[in-house]
Every structure is written in C-alpha cells, then in structure tokens.
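What follows is the residue order along each chain.
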Amino acid sequence: MPVRPVVLFGDPRLRHICHPVDIAADDWRTDAHDLADTLTCLRQRLGFGRALAAPQIGSQHRLIAFDCALGRFVMANPEIIWRSAEMQPVWDDCFSLPGVCMAVMRHRSVSVRFRTLDNEPSELAELPPDLAELVQHEIDHLDGILMSDRLVDSRAIISAEMAALTPHPGA
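Residue indices follow the written sequence of each chain, beginning from 1 at its first position. Under the rules for a predicted model, residues below a pLDDT of 70 receive no local features and side-chain atom pairs below 80 are neither given nor counted, while totals for whole chains, interfaces and linings still include all residues. Side-chain numbers here rest on the full set of heavy atoms in the structure, without hydrogens or water.

Looking now at a nonpolar patch on the surface. Nonpolar side chains collect at one region of the surface, where Met87, Met105 and Val152 lie side by side and expose about 230 Å² of accessible area between them. Segments assigned H or I by DSSP are reported as helices when at least four residues long, segments assigned E as strands when at least two residues long, and all are numbered from the N terminus. Along the chain, the position of Val152 falls in the loop between helix H2 (129-142) and strand E8 (157-159). Whether a residue is buried, partly exposed or exposed follows from its accessible area with a 1.4 Å probe, protein chains only, as a fraction of its type maximum: under 20%, in between, or over 50%, in that order. The class for Val152 is partly exposed, based on a relative accessible area of 42%. A patch consists of residues whose relative accessible area exceeds 30% and which take part in no salt bridge; residues with like charges are grouped when within 9 Å of each other, and nonpolar side chains (Val, Leu, Ile, Met, Phe, Trp, Tyr) when within 5 Å. Residue burial considers only the protein chains on display, and all accessible areas are found by Shrake-Rupley using a 1.4 Å probe. The rule for a salt bridge is simple: a side-chain nitrogen of Lys or Arg has to be within 4 Å of a carboxyl oxygen of Asp or Glu.

This part takes up the environment of Ala54. Residue position: Ala54 is located in the loop between strand E1 (51-53) and strand E2 (63-68). In this analysis, two residues are considered to be in contact whenever any of their non-hydrogen atoms come within 4.5 Å of each other. In this structure Ala54 touches Leu35, Ser59, His61, Leu63 and Leu142, once residues within four positions along its chain are discounted.

What follows deals with the environment of Val112. When you line up the elements, Val112 lands in strand E6 (residues 110-115). With 29 residues separating them in the primary sequence, Val112 and Arg83 have C-alpha atoms 9.2 Å apart. Those residues in contact with Val112, other than ones at most four positions away along the chain, are Met75, Pro78, Glu79, Ile80, Ile81, Ser122, Glu123, Leu124, Leu127, Val135 and Ile139.

By convention, a stacked pair of Phe, Tyr or Trp rings (six-membered ring in the case of Trp) has centres within 6.5 Å and planes under 30 degrees apart, an edge-to-face pair has planes over 60 apart, and any other such pair is tilted. In total, this model carries three aromatic pairs according to the counting rule given. Pairing Phe73 with Phe114 gives two aromatic rings, centres 5.9 Å apart and planes at 25°, and the pair type is stacked. Placement of the pair is Phe73 in strand E3 (residues 71-83) and Phe114 in strand E6, with a sequence separation of 41 residues. Pairwise contacts between aromatic rings join Phe66, Phe73 and Phe114 into one cluster.

So this is what it looks like as structure tokens:
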C-alpha cells in the first residue's frame, strides 16, 4: 500500500471530527493499510513513532495505527470507556508538528474499546501511563483536538530536543 504524506499542523483536515468506520463496507480498508504502512515508514526513516491517526494522512475515518508495546495493529472506532481520576503532566509530541513538544495533562490510565480489522471486538483495560497518554493523544486526533488545545500554559512549548532532557513538564 502507498505511504502517504503526513498532514501538518495548520491544515484544516486535522480539525475535522472523523466518521465511524462501517465495518461492513470496504471504503476504509485502504486507509487502514496506508495508515499502518505510513507509520512503519516514519519509524524506519525517523527512528521513532508509536502511533498515527487517520487524519494525519488525510483520512476522515476513525482509525489509529499502532506499533508500540501493545503490538502492531490498527484500531477501528476506538473509544475510551474508562479514565482514571489521576492526571499526569506529559510532554506531548506529534508527527503533524515535528520538532515541538507541548506540556499537557493526560489521565494516568485509560481503558479503550475498539474493533480490529477483522471486525473482532477488543478492549485494552487500564493501560499504563505511557500507553494511556498515547491512546488519548491519538483519539483526540479523531475528534479534531490537537495537543495545542490541551496546552497547560502558553509557555509550555519546547523543542523535542529539550523535552528529551526534561523528564516531565515542570521538572
């Protein structure tokens, strides 16, 4: 499948609310495969990246590709079904805004329900903090929400290089 260019910050397509995938239809399958292939290419080229949401390749389907500790797979129609009360500050980064990190607050843990590409229902319960923040970031993309919308302070924007030296916002 083709690798697509990443849609960059400022492009109005990142602000659209994505449409649920009709699992019975086939119109979304090309997007799902292109999304996974694009993530693989980004990881190979840049050496990092754990997930990519459909709007980041110009698709308006509710799809997220993952390649992380959870495995390599695509979620269709993901929804957060539980959020911990405890929040945590994190340096959020994004392929759509390269080289920049922003301090945001995320739930320390979440549970997510979704469909696999084979239409199997699946659920990931009480994810650890690093994966919980990732899932929240990607689902935000599906809802037209960007990390800049969750910025804790107007001064909480730094380069990715600085974020690597600062373990968490406020440190």
